[in-house]
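# Chains, contacts and geometry: an overview
What follows is each chain in one-letter form.
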Amino acid sequence: MNYSIVFSLSSFFYISLIATIYFTKRRVRNSENKIYSLLIISNLIGLLSEVLTAYSNKLFPGMPFIQTILLRIINIYFLTWIMLFTYYVCIISGRTSKKVRNKMLIIYFVFFLALLILPLKVKTSNGMALYSYGLCVKTLYGITFACIMNIMLMLLTNMKTIKKKKFVPILIYFIFGSFAALLQMYIPSLIITSSIESFVTMLMYHTIENPDIHILEELNLERDRADKANNAKTDFLSSMSHEIRTPLNAINGFSQLILEENNIDTIKDEARDIMAASQNLLEIVNGILDISKIEADKLEIVNVEYDPKKVFNDVAMLAKSRLGNKPVQFYSSIADDLPDYLNGDYTRIKQVALNLLTNAVKYTKKGQVIFSVRSVKRDNVCRLIIEVKDTGIGIKKENINKLFNKFERFDKEENITIEGTGLGLAITKKLVDLMHGRIIADSIYGQGSIFIVVIDQLISDRKKEKVKEETTEVKKVNYDIQKVLVVDDNKVNLKVASKLLDSLGVKCDLVDSGEECINKINEGYLYNLILMDDMMPKLSGTETFKILKQNPDFNIPVVALTANAIEGMREHYIKEGFNDYISKPIDKKELERVLNIYLS
Ligand code: ADP
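Here the structure is a predicted model, which means the values were calculated and not measured. (Residues numbered from 1 in each chain as written. Predicted model: local features only at pLDDT ≥ 70, side-chain atom pairs only at ≥ 80, totals over all residues. Heavy atoms only, no water.)

## With respect to the packing of aromatic side chains
Summed over all chains, the structure comprises 19 aromatic pairs. Both rings, one in phenylalanine 12 and one in phenylalanine 13, keep their centres 6.0 Å apart while their planes meet at 70°; by these two values the pair is edge-to-face. Aromatic rings pair up to connect Trp81, Phe85, Tyr88, Tyr173 and Phe174 into one cluster. (Phe/Tyr/Trp six-rings, centres within 6.5 Å; stacked < 30°, edge-to-face > 60°.)

## Things to note about the sheet that holds strand E11 (residues 507–511)
Pairing is parallel across the open sheet formed by five strands, whose spatial order is E11-E10-E12-E13-E14. Each edge of the sheet is formed by a strand with only one pairing partner; in this case those strands are E11 and strand E14 (580–583). Sheet twist, expressed as the average angle between the axes of neighbouring strands with direction ignored, equals 20°. Examined bridge by bridge, strand E13 (residues 558–562) and E14 share four bridges and lie parallel to one another. Each residue of the ladder has a partner; that of threonine 562, found in E14, is serine 583. (Pairing = 2+ DSSP bridges. Helix = DSSP H or I, 4+ residues; strand = E, 2+ residues; numbered from the N terminus. Axes fitted to C-alpha atoms, helices over the stretch in contact; angles between N-to-C directions.)

## A closer look at a positive patch on the surface
Among the surface-exposed residues, Arg27, Arg29, Lys34, Lys98 and Arg101 lie close enough to one another that they form a single positively charged patch. In this fold, lysine 98 is placed in helix H5 (residues 98–117). (Patch = residues over 30% accessible without salt bridge, like charges linked within 9 Å, V, L, I, M, F, W, Y side chains within 5 Å. Areas by Shrake-Rupley, 256 points an atom, 1.4 Å probe, with all protein chains shown as cover. Salt bridge = Lys/Arg side-chain N within 4 Å of Asp/Glu carboxyl O. Lys, Arg positive; Asp, Glu negative; His and termini not counted. Charge placed at Lys NZ, Arg CZ, Asp CG, Glu CD.)

## A few points about a nonpolar patch on the surface
A contiguous nonpolar patch, built from Phe23, Leu38, Ile41, Ile45, Met63, Phe65, Ile69 and Ile73 and spanning about 670 Å² of accessible area, is present on the exposed surface. If you trace the backbone, isoleucine 41 turns up in helix H2 (residues 31–54). The class for isoleucine 41 is partly exposed, based on a relative accessible area of 39%. (Buried < 20%, exposed > 50% of the residue type's maximum accessible area, 1.4 Å probe, protein only.)

## Some thoughts on unusual backbone geometry
Here lysine 584 and proline 585 are connected by a cis peptide whose omega angle stands at 0°. Inspection of the secondary structure assignment puts proline 585 in the loop between E14 and helix H19 (588–598). Positive phi outside glycine occurs at aspartate 379, with the angle close to 50°. Within the secondary structure, aspartate 379 is located in the loop between strand E6 (367–378) and strand E7 (381–390). Exposure remark for aspartate 379: the relative accessible area of 77% places this residue in the exposed category. The backbone phi angle of histidine 436 is positive, close to 60°, even though this residue is not glycine. Mapped onto the elements, histidine 436 comes out in the loop between helix H14 (424–434) and strand E8 (438–444).

## Structural notes on the packing of helix H4 (residues 64–92) against helix H7 (residues 164–186)
It is the contact of H4 with H7, at a shortest axis distance of 12 Å, that shows an interaxial angle of 145°. Taken as a pair, H4 and H7 cross one another with a handedness that is left-handed. Across the interface between the two elements, Trp81, Ile82, Phe85, Tyr88, Val89 and Ile92 of H4 pack against Lys166, Ile170 and Tyr173 of H7. In terms of residue class, the contact of H4 with H7 is built from eight nonpolar, no polar and one charged. (Left-handed = near helix turned anticlockwise from the far one by under 90°. Contact = heavy atoms within 4.5 Å. Nonpolar A, V, L, I, M, F, W, Y, C, P; charged D, E, K, R; others polar.)

## Overview of the side chain of serine 498
Structurally, the position occupied by serine 498 is in helix H15 (residues 491–503). When near neighbours in sequence (up to four residues on either side) are disregarded, serine 498 contacts Cys508 and Leu510.

## Concerning the environment of glutamine 256
When you line up the elements, glutamine 256 lands in helix H9 (residues 211–260). The exposure class of glutamine 256 is partly exposed, given its relative accessible area of 43%. Sequence separation between glutamine 256 and lysine 362 is 106 residues; the distance between their C-alpha atoms is 28 Å.

## Side note on H14
Here H14 has its buried residues at Leu425, Ala426, Ile427, Thr428, Leu431 and Val432. Turning to H14, the residues buried within the fold contact helix H10 (264–295), helix H12 (346–362), E8 and strand E9 (448–459). In the stretch just after H14, histidine 436 is the one whose phi turns positive, near 60°.

## Here's the deal with the pattern of salt bridges
Oppositely charged side chains can pair when the atoms bearing their charge come close. Throughout the structure, instances matching the rule amount to 20 salt bridges. A salt bridge links glutamate 222 to arginine 225, with the nearest nitrogen and oxygen atoms 2.5 Å apart. Residue glutamate 222 and its partner arginine 225 are located together in helix H9, separated by three residues, close to a single helical turn. A salt bridge links glutamate 590 to arginine 593, with the nearest nitrogen and oxygen atoms 2.9 Å apart. Taken together, the residues glutamate 590 and arginine 593, both in helix H19 and three residues apart, mark about one turn of the helix. Here the residues in one salt-bridge network are Arg570, Asp580, Glu590 and Arg593, joined through shared partners.

As structure tokens, then:
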């Protein structure tokens, strides 16, 4: 019995186990791991060849050349393993240059060829190969010795840089390797070198950059990322709570004053302030919705055909109306040669232009605000150049780079009376980015600012037909004989709706639940319109509407009146079968529009 085979066989099994674990796990992609993979593979081939060589005469009778081939493979395995191991020590010593690698590759191939052609003899016993000898084996000893010397040198010169745990397999290799060499001198047939190399390979598994360690590192990274996101959210919430409190404070304060005030002019004045604060609050909420959508990658650019001249003229009108009675001239120049129709997300383009114009108007006390839109056309692409220039307070040089950050507001003391959240430009920049455009800003502090947006839009083939101007004036309808049912679980909301309807001369009934609404209809009350809140306890507005529709005689128009105001909600409610949609807070003009449609 050749005892070496017992070692080889058992080593083969545990190296197979290590290989299975190692190759089925996710690995770190670095040179150390690549070399380790090769070490395992060469180990497996070497051990398998040893087992096969021992039994080659029995397994392949009459084919002695197979034994010679296997013995050469074993010698090449020893060469491969020691060279890989040496290169591994190079890597952990920091010697990873291409030059070192190429040098080692050349040495490897020279000796590889030598081991293939140099004479090799075999010692057998009872037809079983015991060991090989000859010039081929001597050459192998020579290169192995050179490699070991090289490893020692690298260890000695890089004591400090090599991690301590990496020393263990190398030292074990030296101790056990020397022991095996001594043993072999007395019992030449006892070849346990490959088993020692397998043992060292196994030990190395615990010292190389382990997949488990890497997964732990990844988990830590993920945890850090989650912590950062959480902190950003906390910052966001605290900023928002502060921003929301400001207009709320105005609403609350002026409301208290109104309660104690008897002079009707003062009351009207304060009511106007409340409206302005509410408008500001609404802008903050819309801003938060936009920012959170942009950050969650949920904001989509919806490209439709639009008339750019109309869009920019509307924007200019809106911006002009915000000037109030400030001594500021508003000039707008919308180029005549803009295409009739473009394809793009005009609501977002409008938002971008309006944000810039609103700022120009807000931060200019006197002088001018100039709005210009030009275009450069090439094939079917129209490059829109939107420019907003003002002679306002300007922005300091050091603040220009921070302009597009969230919640960034400058000269706070000076601008104390100017309302804002610091979200406008952050949203504007993100929208421009989403539309693959560019925005640049320049300013001279104390003299004024300029913002330029460049966005490419596709030119539509459609040409403008001469159509009669649509009348935007709202026809007044006589509401005297009409009645509206308002459904809302919130008493204040019911009061607001009833007061607004009252101010328009519309009679209404109020109910505070879906069930009550259904009861009223079932009891035969007649209404011309139902304004239905959606988010109500027990029966939501949508559920109530579904129950009402089950009655084939039910034909009252139902309009969703809800604070669920994020984008796409109108389409959502229309899809649910509602006739129309009004978002809260109720805009009186919007309410009038709906009443005009359904009560006329
Ligand atoms: P805000 O709601 O405060 O206006 P923005 O994000 O729109 O928020 O603007 C951020 C800050 O940039 C403003 O608070 C203001 O200090 C400055 N800013 C923006 N536009 C102008 C402008 N046209 N002139 C001067 N300062 C401006």
